[in-house]
Amino acid sequence: MHYTISRSVFNKHYTFDKRIGSIAVISLTIPAGWSPSGGADQRVSPLLGTRNYSATRSFNSIRPLANNPESLALDHINSEKPTNSSIINKILLNQNLSITDYKLEELLKVKGVEWDLPISTPENKQLLAELTGKSKYKGFSGVYIFIHKNTGHKYVGSSNLLRRRMDYYFKGDFPLSGKFLPLLHKEGVRAFKLIIFKLDCTIFSYKDCLILEQYYLLNKEFNLNTLRVVNAGSSKGDPVYVYDLTCSTLYYHAKSKIELKRVLKIHTETSKKFVDSKKPYLNKFLLLSYYIPTALTSNISVDKLVEIMQKERQDMYTLGTRRSISVELEIKEGNAFVNSDSIGQTLHFDSLTSCIEYLRELGLTIKRATLTKYIKNEKVFHNFLCKYSDNILPDHFSEVGLIMDEYKKLKVDADLDTLKVNRKNKPILVKGENFEKEFESITDTIKYFGTLNIKLDRKALYLHLKDGKKYKNYSFSRK
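How each quantity is defined
- The written sequence of each chain sets the order in which its residues are numbered from 1.
- Totals for whole chains, interfaces and linings use all residues, but because this is a predicted model, local features are given only for residues with pLDDT of at least 70 and pairs of side-chain atoms are given and counted only at 80 or more.
- For side-chain calculations, the full set of non-hydrogen atoms in the structure is used, while hydrogens and water are omitted.
- Note on pairing: two strands pair once DSSP finds at least 2 bridges between them.
- Here a helix means four or more residues in a row that DSSP labels H or I, a strand means two or more in a row labelled E, and each is numbered from the N terminus.
- The axes are straight lines fitted to the C-alpha atoms, using for helices just the contacting stretch, and the angles between their N-to-C directions are given from 0 to 180°.
- We call two residues in contact whenever any of their non-hydrogen atoms come within 4.5 Å of each other.
- Stacked, edge-to-face and tilted labels apply to pairs of Phe, Tyr and Trp rings (six-membered ring for Trp) whose centres lie within 6.5 Å, assigned for plane angles under 30 degrees, over 60, and everything in between, in that order.
- Only protein chains enter the area calculation, which uses a 1.4 Å probe; residues under 20% of their type maximum are buried, those over 50% are exposed, and those in between are partly exposed.
- Directions pointing from the helix axis toward each C-beta atom define the arc.
- Residues grouped as a nonpolar core are buried Ala, Val, Leu, Ile, Met, Phe, Trp, Tyr and Cys residues, joined through side-chain atoms within 4.5 Å.
- Under this definition, polar contacts are N or O atom pairs within 3.5 Å; protein pairs additionally need one hydrogen-donor-capable and one acceptor-capable atom, and for neighbouring residues in sequence, both atoms have to be side-chain atoms.

Another aspect to go through is the sheet that holds strand β15 (residues 428–432). Ordered in space as β16-β15-β17, the three strands form an open sheet in which the pairing is antiparallel. Pairing within the sheet leaves two strands with one partner each, and these edge strands are β16 (435–439) and β17 (475–478). If you compare each strand with its neighbour and ignore which way they point, the axes differ by 20° on average. When β15 meets β17, the two strands line up antiparallel, connected through four bridges. Note that in β17 the partner of K431 across the bridge is S475. Contacts between helix α15 (residues 458–467) and the sheet are confined to β15 and β17, with β17 contributing the most and set at about 80° to the helix.

Written out as structure tokens, the structure reads:
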């Protein structure tokens, strides 16, 4: 064990291959306005004016976005220039994180403690507790670095609860994603050295941990990190893409709903309502959870985009239409809450609130957020089908909807392919006395045992799969 200073300058030559690879062009129904012959056709964007598009285009599976932080980080790494506060601030601009030259100098003076893993001696265990905390629920914040002994490859991360994060790695119960985790799972902690930088909470904040982590991420030697930009928002956030009403222009890509709120001022509850709903946000935008490769990236600035959204919000407040979105309620066959003469009819409401009040008068209670989810998923509620009125949708939206459905299907198919290779989504085999049954998922297993009046939740089933102990005379294992 020895001490090391966290200041380093690396000048070795390093090159990233940023080619992504192309995918086949998909045959889709194209909205009105595109040239069927494949020639260039002009389209008017409500925000940017006239632009040129081509109906037949080849594209990469992922196109770098304008001023994308990941692209900026990779460009800086390839430039081999030293990292300073200006570079870090530029990369973290959209995350409201910044650092001064003086503060960065102070961060780089923090000493790190290095171990050969595993940590086994009482002295080293005591030192680990002093650096990370004695409990995973209450501890210290800081930055950690794993160094692969054979190759020298490095991985850097940060946490506001270092003890919990170390337990996560040492116990080995983590998904096999990225570069570092599969290597750690395959070779074990013995293949690594560990450095921990504990930050004094009286001097530094958790945001300073992110800054120090970002400093190291801009170093080419940390090649076990898949991403080169820290995420100050939710680490498991779902991406949100902001398009125009024709899905031909991408205005912004947020890594999570938290970032969407922080940058574009779109509240998380609002984004839940609009993402993938085919309902225009502020009459000008569509919010999707998936990327459409045929869309061109806008060069409009974030500040200008926020200004446009704020003006639209103010106009809608003035008109009193901000929350008044008209909906339709279709009465399905078998509905027991209305007269039989009403079956098949469609009722019209000027807002979700008035629709909810109507249902309440019939003795049905449903929350606004729940009804919104039912509309998005086209789910029937006691033989009532609620949907947004067609008059809130832009012209030619049926064609755009086809494009959205196609790419959403591609996203779902890709997610299913991922699930097939995920260790935690393998079939579950349950054995008991004169009983043996295979289930496709944890959810199916829980539902089956519910029919037997045996309470089994997701957390408990994870534990039974892990420890192999019997529960109610049943054993659980993965196929």
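Having seen the structure, we can now continue with the description.
Note that β15 and β16 share five bridges and pair antiparallel. Considered in β16, the bridge of L429 is made with E438. Count of turn residues in the β15/β16 antiparallel hairpin: two residues, of which N434 carries a positive phi of about 55°.

What follows is about the packing of aromatic side chains. A full pass over the atoms with the stated rule returns 24 aromatic pairs. Aromatic side chains Y168 and Y169 sit 5.3 Å apart centroid to centroid with 65° between the ring planes, which places their arrangement in the edge-to-face category. By relative accessible area, which is 31% here, Y168 ends up partly exposed. Both rings, one in Y215 and one in Y216, keep their centres 5.6 Å apart while their planes meet at 80°; by these two values the pair is edge-to-face. Clustering of aromatic rings is evident, with ring pairs tying together Y144, F146, Y155, Y168, Y169, F174, F180 and F192.

Time to look at the environment of I211. In this structure, I211 sits in helix α7 (residues 206–217). I211 gets classed as buried once you look at its relative accessible area, which sits at 1%. Through-space distance from the C-alpha of I211 to that of L97 is 7.9 Å; in sequence the pair is 114 residues apart. The contacts of I211, once residues within four sequence positions are left out, are I88, L92, L97, S98, I99, L104 and L107.

Along an α-helix, residues three or four positions apart point the same way, because every turn accommodates 3.6 residues. Here helix α6 (residues 180–187) has its buried residues at F180, L181, L183 and L184. All buried residues of α6 project into a common sector of 160° when viewed along the axis, lining one side. Positive backbone phi, approximately 80°, marks G188, located one or two places after α6.

An order of β13-β12-β14 is seen for the three strands of this open sheet, with the pairing classed as antiparallel. Among the strands making up the open sheet, the edge pair consists of β13 (346–349) and β14 (384–388). Sheet twist, expressed as the average angle between the axes of neighbouring strands with direction ignored, equals 20°. Where strand β12 (residues 327–331) lies against β14, five bridges are found, and the strand directions are antiparallel. What sits directly across from I331, in β14, is F384. Relative to the sheet, helix α11 (residues 352–361) contacts β12, β13 and β14, its axis offset from that of β12 by approximately 30°. Packing of helix α12 (residues 368–376) onto the sheet brings it into contact with β12 and β14, and relative to β14 it is tilted by some 85°.

Moving on, we come to the nonpolar core. Of all hydrophobic cores here, the largest spans 40 residues; its most connected members are V242, L264, F285 and M309. Where this core is concerned, the elements lending two or more residues are β8 (240–243), β9 (249–254), α8 (257–264), α10 (302–319), β12, α11, α12 and β14. In terms of residue count, the dominant contributor to this core is α10 (five residues). In terms of nonpolar packing, the next biggest core, distinct from the first, is built from 29 residues, I88, V110, V229 and V230 among them.

Further remarks concern the side chain of S256. Residue placement: S256 occurs in the loop between β9 and α8. Residue class for S256 comes out buried when judged on its relative accessible area of 1%. At 3.2 Å, the side chain of S256 forms a polar contact with the backbone nitrogen of E259.

On to the environment of F285, then. Structurally, the position occupied by F285 is in the loop between α9 (268–274) and β10 (286–288). Given a relative accessible area of 0%, F285 falls into the buried group. Measuring from C-alpha to C-alpha, the distance between F285 and Y243 comes to 5.6 Å, with 42 residues separating the pair along the chain.

A few words on helix α5 (residues 162–171). L162, M166, D167 and Y169 are the residues of α5 that are buried. Around the axis of α5, the buried residues are gathered within 165° of arc, so they sit on the same side. Taken together, the buried residues of α5 touch α4 (122–132), β5 (142–148), β6 (154–159), α6 and β7 (192–198). Within two residues after α5, G172 carries a phi angle of roughly 80°, on the positive side.

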